[in-house]
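Chain by chain, the residues run as shown.
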Amino acid sequence: MNDSKRTAAEQFVSAIPHSKALGMVLEDIADGVAVISMPYDERFIGDPQTRVIHGGAVSALLDTCSGAAVMSHPTGPIGTATIDLRIDYLRPARPGDRITARAECYHVTRAVAFIRATAHDMDMTIPVATASGAFTIERGPDASKGGRG
Amino acid sequence: MTRPPKVEPVQIVKQRRDAALRAIAHGVPYIQFLGIQIDRRGDELTAVLPFDDKLIGNPFLPALHGGATAAFLEVTAIIELSWALIWEEMESGRLDPRSLGPEHLPRLPRTIDFTVDYLRTGLPRDAYARARVNRSGRRYASVHVEAWQDNRSRLFAQGTGHFMMPGRTDG
């Protein structure tokens with residue numbers, strides 16, 4: 001991946017107010033694969049008794065990471081939006097742990113990108129959550145007859 | 001077992017129901033972080049997500065973040081399910097919602113999976129959502145949620161989730 005593509009993908013994350021509000025950091029991005037992490041924050045707690053992060057915050061992380069993976073695809077999309085996203089919550093995230101998501105855009109058509117993603121805390125054996133989904137792809141004017149999904 | 005009198009003063013009824021709702025929604029930091037409020041008419045709940053800059057996902061359109069939308073739907077589903085669980089106990093007098101507080105929170109259902117359909121761009125304005133418990137068994141529940149902005153009939157997102165009932169630890 002060249003520098004301009006990397007910069008575009010990095011901006012994709014830092015320019016998103018909601019991702020910024022959740023403290024997300026882009027760890028790695030190249031050729032349709034993105035890694036983004038999110039700190040543990042008491043404001044994100046979903047169950048006060050167990051102090052486990054709310055599933056919604058994990059969803060936001062997986063959604064952002066999936067969008068970034070689409071944007072970094074070698075075919076060079078200029079925009080993307082979620083069509084659908086399914087998340088399986090395999091186990092509660094450990095309170096205090098940073099959560100890291102990895103998303104892979106494993107297939108694209110002219111207008112649709114297919115992704116799968118996982119989210120881990122510091123225990124790398126079983127993911128906290130897995131996701132799969134479809135995203136729209138917007139193509140630039142130079143991409144022949146590109147259009148929205 | 002004590003039963004409430006047949007006709008209760010309206011303030012008593014409202015106090016009890018609003019206390020139960022506060023116990024479910026107010027103690028959860030992430031609900032407060034997103035700024036979600038719950039509007040109650042009898043037993044019908046509507047979740048309200050007032051627009052805020054921090055909910056934006058695409059600053060150029062601008063549009064709500066898909067993750068914020070997903071979280072809004074999931075929060076609405078969990079609150080509706082918890083509310084349905086608590087309602088009967090509360091109305092029959094078995095549970096006094098005033099006994100619920102920061103130290104005595106109702107046990108929350110746990111999400112098994114959640115799927116969101118993004119039907120339209122979420123506009124930079126307030127959003128509303130209502131959930132329907134389609135199945136509520138001893139161990140599992142299935143809940144559907146619809147979210148809209150200006151027009152109730154033009155949904156911008158819908159979701160379906162499966163939940164593990166509270167009080168059980170096997171995932």
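Residues numbered from 1 in each chain as written. Chains lettered and ligands numbered in written order. Predicted model: local features only at pLDDT ≥ 70, side-chain atom pairs only at ≥ 80, totals over all residues. Heavy atoms only, no water.

### Things to note about the packing of aromatic side chains
All names here are of chain B. The following threshold applies: What counts as a ring pair is set by centres within 6.5 Å for rings of Phe, Tyr and Trp (its six-membered ring), and what kind of pair is set by the plane angle: stacked under 30 degrees, edge-to-face over 60, tilted for all other angles. The helix and strand labels rest on DSSP assignments: H or I over at least four residues marks a helix, E over at least two residues marks a strand, and numbering proceeds from the N terminus. Categorising residues by exposure relies on relative accessible area from a 1.4 Å probe, with only protein chains included: less than 20% of the type maximum marks a residue as buried, more than 50% marks it as exposed, and the intermediate range marks it as partly exposed.
With the rule as written, the count across this model stands at five aromatic pairs over all chains. Their ring planes at 20 degrees and their centres at 5.9 Å tell us that Tyr 30 and Phe 33 sit as a pair that is stacked. Pair noted here: Tyr 30 and Phe 33 are both in helix H2 (residues 29-34), with a separation of three residues, about one helical turn. For the pair Tyr 30 and Phe 33, a shared accessibility class is recorded, and that class is buried.

### Quick word on unusual backbone geometry
What is expected of a backbone is that most residues other than glycine have negative phi and most peptide bonds are trans. Along the chain, Leu61(B) connects to Pro62(B) via a cis peptide bond; the corresponding omega equals -15 degrees. Structurally, the position occupied by Pro62(B) is in the loop between strand E3 (56-58) and strand E4 (63-64). The backbone of Asp31(A) shows a phi angle near 45 degrees, a positive value even though the residue is not glycine. For Asp31(A), a relative accessible area of 46% corresponds to the partly exposed category.

### Remarks on the sheet that holds strand E5 (residues 110-118) of chain B
In plain terms, the rule: Any two strands between which DSSP finds at least two bridges are classified as paired. Only the stretch in contact is used when a helix axis is fitted, and all axes are lines through C-alpha atoms; the angle between N-to-C directions ranges over 0 to 180 degrees. Between two residues, a contact is recorded if the distance between any of their heavy atoms is within 4.5 Å.
The sheet built from twelve strands is open, its strands ordered E1(A)-E2(A)-E6(A)-E7(A)-E8(A)-E5(A)-E5(B)-E8(B)-E7(B)-E6(B)-E2(B)-E1(B) with antiparallel pairing. Strands with a single pairing partner mark the edges of an open sheet, and in this sheet they are strand E1 (25-30) of chain A together with strand E1 (37-41) of chain B. Ignoring strand direction, the axes of neighbouring strands in this sheet form an average angle of 20 degrees. One ladder, built from five bridges, connects E1(B) with strand E2 (residues 44-49) of chain B; its direction is antiparallel. Within the sheet, the bridge partner assigned to Asp39(B) lies in E2(B) and is Thr46(B). Contacts between helix H3 (residues 55-71) of chain A and the sheet are confined to E1, strand E2 (33-38), strand E5 (79-89), strand E6 (99-108), strand E7 (112-120) and strand E8 (129-138) of chain A together with E5 of chain B, with E5(A) contributing the most and set at about 135 degrees to the helix. Packing against the sheet, helix H3 (residues 66-91) of chain B makes contact with E5 of chain A together with E1, E2, E5, strand E6 (127-136), strand E7 (140-148) and strand E8 (155-164) of chain B, and its axis sits at approximately 50 degrees to E6(B).

### Some words on the pattern of salt bridges
Residue and element names in this part refer to chain B. Here is the rule we go by: By salt bridge we mean one thing: a side-chain nitrogen of Lys or Arg within 4 Å of a carboxyl oxygen of Asp or Glu.
Enumeration over the complete set of coordinates arrives at 15 salt bridges over all chains. The salt bridge involving Arg 17 is made with Glu 91; its shortest N-O contact spans 2.9 Å. With Arg 17 in helix H1 (residues 10-25) and Glu 91 in helix H3, this residue pair connects regions lying 74 residues apart in the sequence. Judged by relative accessible area, which is 17%, Arg 17 ranks as buried. The residue Arg 152 makes a salt bridge to Glu 146 at a minimum N-O spacing of 3.5 Å. For Arg 152, a relative accessible area of 36% gives the class partly exposed. Connected through salt bridges with shared partners, the residues Glu 8, Arg 16, Arg 17 and Glu 91 form a single ionic network.

### Observations regarding the interface of chain B and chain A
Counted only if it meets this: Computed with a 1.4 Å rolling probe, the buried area is the accessible surface lost when two parts are put together, summed over both parts. Throughout this description, a polar contact denotes any pair of N or O atoms lying within 3.5 Å of each other; where both atoms belong to protein, one of them has to be capable of donating a hydrogen while the other can accept it, and for residues adjacent in sequence the pair is counted only when both atoms sit in side chains. Polarity classes work like this: nonpolar for Ala, Val, Leu, Ile, Met, Phe, Trp, Tyr, Cys and Pro, charged for Asp, Glu, Lys and Arg, and polar for all others, with Gly in that last group.
In this assembly, 34 residues from chain B lie in contact with 32 residues from chain A. Counting each side, the surface lost to burial between chain B and chain A is near 2,500 Å², with a carbon and sulfur contribution of 59%. Counting every contact that joins chain B to chain A gives one salt bridge. At the boundary of chain B and chain A, one finds eleven residue pairs in polar contact (both at pLDDT 80 or more). Among the secondary structure elements, those contributing two or more residues to the side of chain B that touches chain A are H2, E3, H3 and E5 of chain B. For the side of chain B that touches chain A, the element with the most residues is E5(B), which contributes nine residues. Residue composition of the side of chain B that touches chain A, by class: 20 nonpolar, seven polar and seven charged. Across five bridges, E5(A) lies against E5(B) in antiparallel orientation. By the bridge assignment for E5(B), Asp84(A) is matched with Asp117(B).

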